Amino acid sequence: MPFDTMITQTQNQNLNVAPTEVKPPIVVVMGHVDHGKTTILDAIRETEVAEGEAGGITQSIGAYETVHNGHKITFIDTPGHEAFFAMREHGVKVADVALLVVAADDGVRPQTEEVIKHILATKVPFIVVINKIDKSGAAVDKVKKELSEKGVLIEEWGGQVPVALVSARDKKGISELLDLILLVAEMEELKYDPAKTGEGYVIESHFDAKKGVVATIIVTDGVLRSGDLIVCGTSFGSIKMMEDDAGQVIKEVFPSKPVRVVGLAETTPMIGEKCAVVSSASTAEAIVVEHKKKHEEFLERIKIEPSGQPRVLTIVIKAAALGCLEALVSVLKQIKSDRVGLKLLKCDVGDIGQADVKKAETSGAKIVGFRVKAGKETLNYADQRGIEIKTFDIIYDFVEGVKIFMSRLLDPEVVKNEIGKIEILAVFKTEKTRMIVGGKIFSGKLKKGLKFEIQRKGALIGSGKITGLQKEKEPQDEVREGNEAGLQIESGVAVEVGDVLVGFDEENNTFSPFCRLT
């Protein structure tokens, strides 16, 4: 039986009764990575979330509730980095209104265009928020023109898309923006049925060592209550505890309110999973079976396998949330190298544990974590088994960390650094592999013990090593440009007058940038 059908049959309400209560709007905030989405939320909530985020980038979905003129509004802050597109998709899935944030001093960027396409495709009502109007390079009219060229026609230009001008830093225009959101929501006539049991969507999920599976849910219809039997994708259970976005324990949740639910069993639900209260464990189990198939398809989709490279790095990835996991794998798939391949042995959510170390040990894999921790016992356990663990909070650092692991599988590249050149003017003594020659240094310097290459009429004919060095018949460790010098050398090639010896030293460049992101 289809999932939605099973859910419908478990709802304890009369489906012919029309929704009777006004539902607060759920607003998704979208736009380019540094155009000020989170700073706008800070201005609304008067908190300092932005400064506390690693790298200044929102890297997991956060949902926050606020009140304006007596009316509740829920905001979903979605990541702006292009790697988190899948998470933005889930944000729009539950949204009643979207905010398209564009910086007045930067205009429409590639990520902005991507968001515009997605908003237009979903047909969700949206408001253009032109931020940073206080900056010296602000060009509001230019931004409006760029938006029109991408299919966004604002109201003052004959379209239907309202515009809000704000300076999140100075909190200018924030109150007007909230008024506009409520106006758009009123026009949409958002309703819900208080007689229905709760349903909604997962917008964040992770495993907590003390609480178990924790899912952040946005309720979209009905009422969710503590003790309800709820199913979310591959996980179900009776709700043991619910917390609001301020961390307060609550007993019931009405639509549009974000809530953290504790009580789900076994697996962590995927971002975007539909959640609903069901009447029995048997119904929940049937739904879970169907969604386990979906979960397996997800893991198959994000699988990484090498493609014929001579060497392979095997990794285990742990991330704070499934949405992050999907995004990380998407970026890793863009690493291109014909010398080192990448194999994903395991990927999962939650902190790094001894089970992950055991899994890595079977294949000599490296463990990389994103916004997760590894406890002291786990680190000691891994150290005893020679398994390396690295954790990161910023996606760019995560990718570079994996690339360094890949680089370590390469043979060191030997780089020759030219030190000096000498033209041979005389040959004094020749033995089988040893010679004494003289000449003038015309570039750089020569040192005792330095290796050299022999150039004859521009062609490389051999190599050797300086075993002795003299200036004005006195032994020297080093002779510089413009001076004549006598050299005792070892070489398998006989040096002749007119040859040029090019002295060089060598270094191993183990971590050369061998791979690139495309």
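Throughout what follows, the structure given in this document is the object of discussion. Just so we're clear, the structure is a prediction, and the values are computed from it rather than from any experiment.

What about the overall build of the protein chain?
Check the secondary structure of the protein chain and you find 12 helices and 32 strands. Out of the 518 residues belonging to the protein chain, those deemed buried represent 50%. Approximately 24,600 Å² of the protein chain is accessible, and the part contributed by carbon and sulfur atoms is 47%.

A short note on the sheet that holds strand S19 (residues 311–319)
An order of S21-S19-S22-S23 is seen for the 4 strands of this open sheet, with the pairing classed as parallel. Every interior strand has two partners, whereas the edge strands, strand S21 (340–349) and strand S23 (389–392), have only one. Here the average twist between neighbouring strands, direction ignored, is 25°. Across 5 bridges, the pairing between S19 and strand S22 (residues 366–370) is parallel. What sits directly across from Val 316, in S22, is Ile 367. In the packing of helix H10 (residues 354–363) onto the sheet, contacts are made with S19, S21, S22 and S23, and the angle to S21 comes to roughly 160°.

Brief notes about the nonpolar core
Core analysis: the largest hydrophobic core is formed by 30 residues, its most contacted members being Ile 315, Ile 317, Leu 332, Leu 342, Val 368, Phe 398 and Val 402. Of all the secondary structure elements, the ones that give two or more residues to this core are S19, helix H9 (322–332), S21, S22 and helix H12 (395–407). The contacts of Ile 317, once residues within four sequence positions are left out, are Leu 325, Leu 328, Val 329, Leu 332, Leu 344, Lys 346, Cys 347, Asp 348, Val 368 and Phe 398. Listed in part, the 26 residues of the second largest apolar core include Met 30, Val 115, Val 124 and Ile 130.

Focus on helix H7 (residues 174–188)
Counted at 1.5 Å a residue, the expected span for H7 with its 15 residues is 21 Å, and the 21 Å between its end C-alpha atoms agrees. Every buried residue of H7 is listed here: Ile 174, Leu 177, Leu 178, Leu 180, Ile 181, Leu 182, Val 184 and Ala 185. Downstream of H7 by a residue or two, Glu 189 has a phi angle that is positive, lying close to 50°.

Focus: the packing of aromatic side chains
In this structure the tally under the stated criterion is 2 aromatic pairs. Judged by centre distance (6.1 Å) and plane angle (80°), the ring pair of Phe 370 and Phe 398 falls under edge-to-face. Of this pair, Phe 370 sits in strand S22 while Phe 398 sits in helix H12, placing them 28 residues apart in sequence. Overall, Phe 370 belongs to the buried group, its relative accessible area being 0%. Of the residues examined, Phe 398 reaches a relative accessible area of 0% and is grouped as buried. Here the aromatic cluster, defined as three or more aromatic residues joined through ring pairs, consists of Phe 370, Phe 392 and Phe 398. A cation sits over an aromatic face here: Arg 385 above Tyr 381, 3.6 Å from the ring centre.

Observations concerning the environment of Ile 419
With respect to the helices, strands and loops of the structure, Ile 419 is situated in strand S24 (residues 413–430). Counting along the chain gives 27 residues from Ile 419 to Leu 446, while the straight-line C-alpha distance between them is 6.8 Å.

Regarding the packing of helix H2 (residues 37–45) against H7
One way to put it is that H2 packs onto H7 with a least axis distance of 10 Å and a crossing angle of 95°. The orientation of H2 with respect to H7, classified from their angle, is roughly perpendicular. Contacts from Ile 40, Ala 43 and Ile 44 of H2 reach H7 at Ile 174, Leu 177 and Leu 178. Here the contact of H2 with H7 is composed, by residue class, of 6 nonpolar, no polar and no charged.

Here we look at the side chain of Asp 499
By the secondary structure assignment, Asp 499 is in the loop between strand S30 (484–491) and strand S31 (500–509). Accessibility expressed as a relative area gives 2% for Asp 499, which makes it buried. A distance of 2.8 Å separates polar atoms of two side chains, one belonging to Asp 499 and the other to Arg 456. Polar contacts involving the side chain of Asp 499 include one to the main-chain amide nitrogen of Glu 496, which spans 2.8 Å. When residues no more than four places from it in sequence are discounted, the contact partners of Asp 499 are Ile 422, Glu 423, Ile 424, Ile 454, Gln 455, Arg 456, Ile 461 and Ala 494.

Description of the environment of Ala 138
Among the structural elements, Ala 138 can be located in the loop between strand S6 (126–131) and helix H6 (140–149). Judged by relative accessible area, Ala 138 falls into the partly exposed class, the value being 29%. Distance in space between the C-alpha atoms of Ala 138 and Ala 103 is 8.0 Å, their sequence separation being 35 residues.

Quick notes on the pairing of strand S26 (residues 451–456)
As defined by bridge partners, S26 adjoins strand S27 (residues 459–471) across 6 bridges and the pair is classed as antiparallel. Pairing of Arg 456 across the sheet is with Ala 459, part of S27. What sits between S26 and S27 in their antiparallel hairpin is a turn of 2 residues, with Lys 457 showing a positive phi close to 55°.

What counts as what
- Residues numbered from 1 in each chain as written.
- Predicted model: local features only at pLDDT ≥ 70, side-chain atom pairs only at ≥ 80, totals over all residues.
- Heavy atoms only, no water.
- Helix = DSSP H or I, 4+ residues; strand = E, 2+ residues; numbered from the N terminus.
- Buried < 20%, exposed > 50% of the residue type's maximum accessible area, 1.4 Å probe, protein only.
- Areas by Shrake-Rupley, 256 points an atom, 1.4 Å probe, with all protein chains shown as cover.
- Pairing = 2+ DSSP bridges.
- Axes fitted to C-alpha atoms, helices over the stretch in contact; angles between N-to-C directions.
- Contact = heavy atoms within 4.5 Å.
- Core = buried A, V, L, I, M, F, W, Y, C linked by side-chain atoms within 4.5 Å.
- Expected span 1.5 Å × (residues − 1).
- Phe/Tyr/Trp six-rings, centres within 6.5 Å; stacked < 30°, edge-to-face > 60°.
- Lys NZ or Arg CZ within 6 Å of the ring centre and 35° of its normal.
- Parallel < 35°, antiparallel > 145°, perpendicular 65-115°, else oblique.
- Nonpolar A, V, L, I, M, F, W, Y, C, P; charged D, E, K, R; others polar.
- Polar contact = N/O pair within 3.5 Å; in protein donor to acceptor, adjacent residues only side chain to side chain.

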